[in-house]
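# Coordinate analysis (summary)
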Amino acid sequence: MNVTVVGSGYVGLVVGACLAETGNQVACADIDERKIGMLNEGKSPIYEPGLDRLLQRNLAEGRIRFTTDVADAVREGQVVFIAVGTPPDEDGSADLQHVLAVARVIGQNLVDEKVVITKSTVPVGTASKVREEIEKHTDGTFHVCSNPEFLKEGAAIDDFMRPDRVVCGIESEGARPVLEELYEPFVRSGNPLIFMDIASAELTKYAANAMLATRISFMNQIAALCEAAGADVTMVRRGVGSDPRIGASFLYAGAGYGGSCFPKDVRALIQTGEEMDVDLSILKEVHETNERQKKVLGRKIRTRFGEDLSGKSFAVWGLAFKPETDDMREAASVTVIEELLAAGATVTAHDPVAEEVAREWYLGDRIEYAQDEYAALSGADALVVVTEWLQYRRPSWERVKAALEAPIIFDGRNLYDPARMRRHGFEYYPIGREQVR
Ligand SMILES: NC(=O)c1ccc[n+]([C@@H]2O[C@H](COP(=O)([O-])OP(=O)(O)OC[C@H]3O[C@@H](n4cnc5c(N)ncnc54)[C@H](O)[C@@H]3O)[C@@H](O)[C@H]2O)c1
């Protein structure tokens, strides 16, 4: 099948690469010349495990191409995916300008019948807007569908290749066989391809992310209670999560959720509720709890060292919003580091892959960047762990202790065992567990 994917970011590239891998002829289009330039040289503009290899192989075998000529790419696709960003607008609602800009190009270039699939996360009702925008420019035949993406950055290829489910919102039967054919290689082991109406598909994506975010904020509030009551949130999590009605995932207390999806999708859903006069107050609390949670590490540090941190220096392990990605959108690291800098401290950070992104977009030269995790510690008054990269989980405590000015650790991801930290002679401040002083 000839497939066009418009938007070559985290989602568009994974969709394009995986569809090329299964034999489709894929054109990936983007208006960002730098990204397309890198892709044409066989380099992925983002860090996503396995993506480079997939892109290079399919590029070499002629199944995928990259272009800034969106109109040309649209003309050749029997199926056109819209996978552009939907960032939050000022009021938190999803900004649809990029999605509708692509719809316009599709309308202007509808040379034959096409299936237009929205992959971007968009509020309920967007498919109608996409249809109207296309219809302004053509009388041709097309089918609008909603096919939200559930991949997780860091495991995106695997998630796309082996999805738990594929949700397809359709309004005309013409789209169904095309979606079935496209997804058939990925649902062979019985994981469902769920067809539904478009509004339900659009809402499914937001409801899923809002539910996961709710679990995290819920556990962060329980963690605060654990600290007050002398309980251990990691024990509570194990006890609660082993109930099959609840399940164990997304119950980790920490320094708050970040990334390109949960924060913006929760806010967008709250906004949709307001527009439709439906009470989603539970989600307002989820969002506000998370905003407060991102400041928990800063608060613990100031409680220990005082409000004025001039002359203090801190080592930060982890900049990406989670491991196995270089994505720093809404990362807790930025909140913590900004607070430390504002209080007069200096910061040296390490991240296995996100340094370039941090330098270019978030922190510039306002902090130092270390080559490895131990180099970041040199002379620091404390270590602050923000992202749970594997290599931070079992460090050499001798090296950590020798490098730090004082053996003090603030752990925003509960990576270490308080009893072990006591034995190693550290002051240790986790989230929702016993502090070691
Ligand atoms: N990142 C994730 O983990 C994830 C998971 C599921 C769903 N989503 C959703 O998928 C969508 C895309 O997310 P992303 O993380 O890939 O975003 P991204 O910012 O990484 O990529 C979006 C790309 O779209 C391009 N673009 C913008 N306007 C364009 C236009 N008019 N024509 C062509 N290209 C254009 C941008 O240059 C950019 O490269 C969002 O709606 C997001 O909520 C993201």
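Residues numbered from 1 in each chain as written. Predicted model: local features only at pLDDT ≥ 70, side-chain atom pairs only at ≥ 80, totals over all residues. Heavy atoms only, no water.

On to the overall build of the protein, then. For the protein, the helix and strand inventory stands at 17 helices and 14 strands. Its C-alpha atoms give the protein principal-axis dimensions of about 70 × 50 × 40 Å. Considering the protein as a whole, with its 437 residues, one finds that 55% of them fall into the buried category. Sequence separation of at least 24 residues holds for 71% of the intrachain contacts in the protein that already meet a minimum separation of 6. Here the protein has roughly 18800 Å² of accessible surface; of this, 49% comes from carbon and sulfur atoms. Counting 49 positive and 68 negative side-chain charges, the protein places the centres of these two groups 6 Å from one another. (Helix = DSSP H or I, 4+ residues; strand = E, 2+ residues; numbered from the N terminus. Buried < 20%, exposed > 50% of the residue type's maximum accessible area, 1.4 Å probe, protein only. Contact = heavy atoms within 4.5 Å. Areas by Shrake-Rupley, 256 points an atom, 1.4 Å probe, with all protein chains shown as cover. Lys, Arg positive; Asp, Glu negative; His and termini not counted. Charge placed at Lys NZ, Arg CZ, Asp CG, Glu CD.)

Moving on, we come to the site of the ligand. By nearness alone, 25 residues border the ligand, and Asp-30, Lys-35, Thr-86, Glu-153 and Lys-264 come closest of all. The contact in question runs from an oxygen atom of the ligand to an N or O atom on the backbone of Val-11, over 2.8 Å. In this structure, Asp-30 approaches the ligand through a side-chain N or O atom, which is 2.6 Å from an oxygen atom. For the ligand, whose accessible area on its own is 830 Å², the fraction buried by protein is 89%. When the residues that make up the shell around the ligand are grouped by side-chain class, the tally is 9 nonpolar, 8 polar and 8 charged. In this structure, the shell around the ligand is formed jointly by two domains, domain 1 (2–196) and domain 2 (205–292), each of which donates at least three residues. (Near = heavy atom within 4 Å. Polar contact = N/O pair within 3.5 Å; in protein donor to acceptor, adjacent residues only side chain to side chain. Nonpolar A, V, L, I, M, F, W, Y, C, P; charged D, E, K, R; others polar. Domains from an automatic or database assignment.)

Bridge count for strand S9 (residues 313–317) against strand S10 (residues 346–350) is 5 bridges, and the pairing is parallel. Across the sheet, Ser-313 pairs through a bridge with Thr-346, a residue of S10. As judged from the 2 bridges shared by S10 and strand S11 (residues 368–369), these two strands associate in the parallel manner. Across the sheet, the residue bridging to Thr-348 is Glu-368, located in S11. (Pairing = 2+ DSSP bridges.)

Another aspect to go through is helix H12 (residues 281–293). Given 3.6 residues to a turn, an α-helix orients residues that are three or four positions apart in the same direction. Taking 1.5 Å per residue as the helical rise, H12 with its 13 residues ought to reach 18 Å, and the 18 Å between its terminal C-alpha atoms agrees with that figure. For H12, the full list of buried residues reads Leu-283, Val-286, His-287, Thr-289, Asn-290 and Gln-293. Taken down its axis, H12 places every buried residue within 160 degrees of arc, on the same side. Along its buried surface, H12 packs onto helix H9 (198–229), helix H11 (262–275) and helix H13 (296–305). (Expected span 1.5 Å × (residues − 1). Arc of directions from axis to C-beta.)

Here the focus is the layout of surface pockets. Computed from the structure, the second largest pocket encloses a volume of approximately 300 Å³. Looking at the second largest pocket, it is lined by 17 residues, and the ones nearest its centre are Ala-224, Glu-227, Val-296, Arg-299 and Lys-300. Contributing elements (two or more residues each) for the lining of the second largest pocket: H9, H12 and H13. A class-by-class count of the residues in the lining of the second largest pocket yields 5 nonpolar, 6 polar and 6 charged. (1 Å grid on protein atoms, 1.4 Å probe; cavity = no way out; pocket = protein on both sides within 12 Å on 5 of 7 lines; lining within 4 Å. Points joined across faces, edges and corners; volume = space filled by probe spheres on them.)

Per the domain assignment, the segments making up the protein are domain 1 (2–196), domain 2 (205–292) and domain 3 (294–429). Just the C-alpha atoms count here: the centres of domain 1 and domain 3 sit 37 Å apart. Counting from both sides, the interface comprises 8 residues of domain 1 and, opposite them, 10 residues of domain 3. Among the residues of domain 1 in contact with domain 3, Tyr-10, Tyr-47 and Glu-153 are the three that bury the most area, contributing 67% of the side total. (Buried area = accessible area lost by both parts, 1.4 Å probe.)

Looking at the secondary structure, you find Lys-300 in helix H13. Taking relative accessible area as the criterion, Lys-300 reaches 10% and is therefore assigned buried. When residues no more than four places from it in sequence are discounted, the contact partners of Lys-300 are Glu-227, Phe-410, Tyr-429, Pro-430, Ile-431 and Gln-435.

Quick look at helix H3 (residues 51–60) now. For H3, the set of buried residues is Leu-51, Leu-54, Leu-55 and Asn-58. Buried positions in H3, seen along its axis, are confined to an arc of 95 degrees and lie on one side of it. Opposite the buried face of H3, by more than 90 degrees, sit the exposed residues Arg-53 and Ala-60. Contacts made by the buried residues of H3 are with helix H1 (10–21), helix H2 (33–40), strand S3 (64–67) and helix H7 (156–161). Once H3 finishes, Gly-62 follows within two positions and takes phi at roughly 75 degrees, a positive value.

What follows concerns a positive patch on the surface. Among the surface-exposed residues, Arg-393, Arg-394, Arg-420 and Arg-423 lie close enough to one another that they form a single positively charged patch. Among the secondary structure elements, Arg-423 is positioned in helix H17 (residues 418–423). (Patch = residues over 30% accessible without salt bridge, like charges linked within 9 Å, V, L, I, M, F, W, Y side chains within 5 Å. Salt bridge = Lys/Arg side-chain N within 4 Å of Asp/Glu carboxyl O.)

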